[in-house]
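# Commentary on secondary and tertiary structure
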Amino acid sequence: MLATARMVFAIAAKHGTTVHHADIPQAFLQENVSRPIFVTTPKGVSVKSHILDAFRKQNPRGKVCFRLIKSLYGLASSPHLFSKMLNNVLVMLGMQRSRTDCTLYTYLDKTTGKWCILTAFVDDLLITGNDDEFKLKLSSLGLEQT
């Protein structure tokens, strides 16, 4: 990632474009889990007794667990699920993922010569390019830009 970020900054400096940083809020909480994952009630979380009684009737061993619908921070599959979702969105917008660096995406409008480069590291994005309309599309994804 560091080498890719340096490359993005170098390209921006060469072409005189600005580099925007964007953070995706609650990135790992947005994607649906792809397989059943069950968790026990975390310490400090209270559940109303009538709900627990209903669970205990279904499970005579007394263990209460919940099936996750959305991904959580701390799950081993969370980064993969988020990366898959981000890739799908960026490809849908017309970006191409690099074959050699899966964190690097490029966009080129051959008719106008406008371009955009994006690199992703976990839930942080670096964006540069001379296509302001395309950068506006990216910002409409609910990204917090700094």
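To start, this report covers the structure provided alongside it. Note that the coordinates shown come from a computational prediction; the quantities given were computed from them, not determined experimentally. (Residues numbered from 1 in each chain as written. Predicted model: local features only at pLDDT ≥ 70, side-chain atom pairs only at ≥ 80, totals over all residues. Heavy atoms only, no water.)

## A short note on the overall build of the chain
- Scanning the chain for helices and strands turns up 4 helices and 8 strands.
- In the chain, the succession of α and β elements from N to C terminus is α-β-β-α-β-α-β-β-β-β-α-β.
- Counting only residues that meet the buried cut, the chain has 33% of its 146 residues in that class.
- Within the chain, contacts between residues at least 6 apart in sequence are counted, and of these 61% link residues at least 24 apart.
- When the accessible area of the chain is evaluated, it comes to approximately 9800 Å², of which 57% is carbon and sulfur surface. (Helix = DSSP H or I, 4+ residues; strand = E, 2+ residues; numbered from the N terminus. Buried < 20%, exposed > 50% of the residue type's maximum accessible area, 1.4 Å probe, protein only. Contact = heavy atoms within 4.5 Å. Areas by Shrake-Rupley, 256 points an atom, 1.4 Å probe, with all protein chains shown as cover.)

## Observations regarding the packing of aromatic side chains
- All chains considered together, the criterion is met by 1 aromatic pair.
- For the ring pair Tyr-107 and Phe-134, a centre distance of 3.9 Å and an interplane angle of 5 degrees mean the geometry is stacked. Here Tyr-107, found in strand E5 (residues 104-109), pairs with Phe-134, found in helix H4 (residues 132-139); they are 27 residues apart in sequence, far enough to count as distant. (Phe/Tyr/Trp six-rings, centres within 6.5 Å; stacked < 30°, edge-to-face > 60°.)

## Quick word on helix H3 (residues 78-92)
- Between its first and last C-alpha, H3 extends 21 Å over 15 residues, near the 21 Å set by a 1.5 Å rise per residue.
- Within the sequence span of H3, burial applies to Ser-78, Leu-81, Phe-82, Met-85, Leu-86, Asn-87 and Leu-90. (Expected span 1.5 Å × (residues − 1).)

## A word on the layout of surface pockets
- Looking at the largest pocket, its volume works out to about 180 Å³.
- Lining the largest pocket are 13 residues, with Ser-83, Leu-86, Thr-103, Ala-120 and Val-122 positioned closest to its centre.
- Secondary-structure elements contributing two or more residues to the lining of the largest pocket are H3 and strand E6 (114-121).
- It is H3 that provides the largest number of residues to the lining of the largest pocket, a total of 5 residues. (1 Å grid on protein atoms, 1.4 Å probe; cavity = no way out; pocket = protein on both sides within 12 Å on 5 of 7 lines; lining within 4 Å. Points joined across faces, edges and corners; volume = space filled by probe spheres on them.)

## Some points on the side chain of Thr-128
- One can find Thr-128 in strand E7 (residues 124-129).
- Among the polar contacts made by the side chain of Thr-128, one reaches the side chain of Thr-17 at a distance of 2.7 Å.
- Engagement of the side chain of Thr-128 in a polar contact is seen with the backbone oxygen of Thr-18, the distance being 2.9 Å.
- In this view, Thr-128 contacts Val-8, Ala-12, Thr-17, Thr-18, Val-19, Trp-115, Cys-116 and Ile-117; residues no more than four positions away in its chain are not counted. (Polar contact = N/O pair within 3.5 Å; in protein donor to acceptor, adjacent residues only side chain to side chain.)

## Here we look at the nonpolar core
- Among the nonpolar cores identified, the biggest contains 17 residues, and Met-95, Leu-118, Leu-125 and Leu-138 are the most heavily contacted of them.
- When residues in this core are grouped by element, the largest group, 4 residues, is from H3.
- Setting aside residues no more than four positions away along its own chain, Met-95 makes contact with Leu-90, Tyr-105, Thr-106, Tyr-107, Cys-116, Leu-118, Phe-134 and Leu-138.
- One finds Val-8, Leu-104, Trp-115 and Leu-126 within the second-largest nonpolar core, a separate group that totals 6 residues. (Core = buried A, V, L, I, M, F, W, Y, C linked by side-chain atoms within 4.5 Å.)

## Examining the pairing of E6
- When you tally the buried positions in E6, you get 6 out of 8 residues, the bulk of the element.
- Strand direction decides the pairing type here: E5 and E6, joined by 6 bridges, are antiparallel. In the strand pairing of E6, Leu-108 is matched with Trp-115.
- In this antiparallel pair of consecutive strands, E5 and E6, the connection spans 4 residues, and Gly-113 shows a positive phi of 80 degrees.
- With 6 bridges connecting them, E6 and E7 associate as antiparallel partners. Across the sheet, residue Thr-119 finds its bridge partner in E7, namely Leu-126.
- Here E6 folds back onto E7, and the loop between the two strands holds 2 residues, one of which, Val-122, carries a positive phi near 55 degrees. (Pairing = 2+ DSSP bridges.)

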